[in-house]
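# Architecture and fold: a report
So the chains spell out like this:
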Amino acid sequence: MSSITLRFLAEPSTVNFGGKVHGGTVMKWIDEAGYACATRWAKRSCVTVSVGSIRFQRPILIGDLVEVEARLAYTGRSSMNIAVEVRSGDIKTGQMNVVTDCLVVFVAVDADGKTIPVEAWNPETPGDMALAQRVKAHLDAARTGQLGG
Ligand SMILES: CC(=O)SCCNC(=O)CCNC(=O)[C@H](O)C(C)(C)COP(=O)(O)OP(=O)(O)OC[C@H]1O[C@@H](n2cnc3c(N)ncnc32)[C@H](O)[C@@H]1OP(=O)(O)O
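Residues numbered from 1 in each chain as written. Predicted model: local features only at pLDDT ≥ 70, side-chain atom pairs only at ≥ 80, totals over all residues. Heavy atoms only, no water.

For the rest of this paragraph, the subject is the sheet that holds strand β4 (residues 79-89). An order of β1-β3-β4-β5-β2 is seen for the 5 strands of this open sheet, with the pairing classed as antiparallel. Both edges of this open sheet fall to β1 (3-9) and β2 (46-56), since each of them pairs with a single strand only. In this sheet, neighbouring strand axes are inclined to one another by 20 degrees on average, regardless of whether the strands run parallel or antiparallel. Relative to strand β5 (residues 96-108), β4 runs antiparallel, the two being bridged by 11 bridges. Bridge pairing in β5 places asparagine 81 opposite valine 105. Running at roughly 50 degrees to strand β3 (residues 65-75), helix α1 (residues 23-42) makes contact with β1, β2, β3, β4 and β5 of the sheet. Of the strands in this sheet, β2, β3, β4 and β5 touch helix α2 (residues 126-143), which is tilted by about 70 degrees from β3. (Pairing = 2+ DSSP bridges. Helix = DSSP H or I, 4+ residues; strand = E, 2+ residues; numbered from the N terminus. Axes fitted to C-alpha atoms, helices over the stretch in contact; angles between N-to-C directions. Contact = heavy atoms within 4.5 Å.)

Let's shift gears to the site of the ligand. Around the ligand sit 15 residues, and of these Asp31, Thr48, Arg77, Ser78 and Ser79 come closest. Interatomic distance of 2.6 Å between a side-chain N/O atom of serine 78 and an oxygen atom of the ligand. The protein chains hide 48% of the 1000 Å² of surface that the ligand would expose on its own. Counting only elements with at least two residues in the shell around the ligand, the list comes to α1, β2 and β5. In terms of residue count, β2 provides more of the shell around the ligand than any other element does, 4 residues in total. The class makeup of the residues in the shell around the ligand is 5 nonpolar, 7 polar and 3 charged. (Near = heavy atom within 4 Å. Polar contact = N/O pair within 3.5 Å; in protein donor to acceptor, adjacent residues only side chain to side chain. Areas by Shrake-Rupley, 256 points an atom, 1.4 Å probe, with all protein chains shown as cover. Nonpolar A, V, L, I, M, F, W, Y, C, P; charged D, E, K, R; others polar.)

In this section: the pattern of salt bridges. Think of it this way: side chains of opposite charge can pair up when their charged atoms draw near. If you walk through the whole model with that rule in mind, you get 8 salt bridges. We note a salt bridge from aspartate 128 to arginine 71, for which the minimum N-O separation is 2.6 Å. Highlighted residues: aspartate 128 in helix α2 and arginine 71 in strand β3, separated in sequence by 57 residues. On the basis of relative accessibility, which here comes to 17%, the residue aspartate 128 falls in the buried class. When its relative accessible area of 27% is taken as the criterion, arginine 71 is described as partly exposed. (Salt bridge = Lys/Arg side-chain N within 4 Å of Asp/Glu carboxyl O. Buried < 20%, exposed > 50% of the residue type's maximum accessible area, 1.4 Å probe, protein only.)

In this structure the tally under the stated criterion is 1 aromatic pair. Considering the side-chain rings of phenylalanine 8 and tryptophan 29, the 4.7 Å spacing of their centres and the 65 degrees angle between planes classify their relative orientation as edge-to-face. Note that phenylalanine 8 is positioned in strand β1 and tryptophan 29 in helix α1, a separation of 21 residues in sequence. Phenylalanine 8 sits in the partly exposed class, given a relative accessible area of 23%. Using a relative accessible area of 8% as the deciding quantity, one classes tryptophan 29 as buried. (Phe/Tyr/Trp six-rings, centres within 6.5 Å; stacked < 30°, edge-to-face > 60°.)

One recurring pattern in soluble globular proteins is that nonpolar side chains are buried together. Core analysis: the biggest nonpolar cluster contains 28 residues, and Trp29, Ile60, Met80, Ile82 and Val86 have the highest contact counts within it. Among the elements of the structure, α1, β3, β4 and β5 are those that each provide at least two residues to this core. Those residues in contact with isoleucine 60, other than ones at most four positions away along the chain, are Ala10, Lys20, Val21, Val26, Trp29, Val66, Val86, Ser88 and Val99. The next biggest cluster of nonpolar side chains, apart from the first, holds 6 residues, and it includes Leu103, Leu131, Val135 and Leu139. (Core = buried A, V, L, I, M, F, W, Y, C linked by side-chain atoms within 4.5 Å.)

In short, shape yes, function no, at least from these values alone.
In structure tokens form, the structure reads like this:
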């Protein structure tokens, strides 16, 4: 399984100072969905190595239905690059909008916390192939220090 989607309601306990869902809470959901996706793929324990390219596009309202979709975008030797998209909307209408997107990298580790190889993931659909290419280009640019910010 190369993708997983978590679904739940945004509880009042997640409120920020502006009355919407706290950005740190959204980041926690992203990490949880990415962890579930990576661990399911690797069938081993995984840890987060890097979180990048996060973009908060729209706020999430308290009480909204939230979907956090994590999908494999690219695998290395031990690393799994996972694209996470967060969508939210009014539960009464079911109309969902993309609110946040992010790229997270996990690695599979053994009982001593040392990295171990994971099965390669081969994208098959045009959408998955395009995503894999974008992530690979992003990784190459990060390695050569060409990313801004
Ligand atoms: C789910 C959670 O919340 S876990 C809690 C938060 N995470 C942690 O506590 C992890 C703490 N960090 C660690 O234990 C170690 O740094 C480890 C195990 C993750 C990595 O150990 P190292 O031996 O230094 O790893 P190494 O440098 O060989 O990199 C391992 C892989 O990560 C990749 N990687 C490392 N840094 C980055 C980065 N900044 N961005 C993208 N990929 C990276 C490497 O390219 C490599 O990929 P590959 O095996 O597919 O070629």
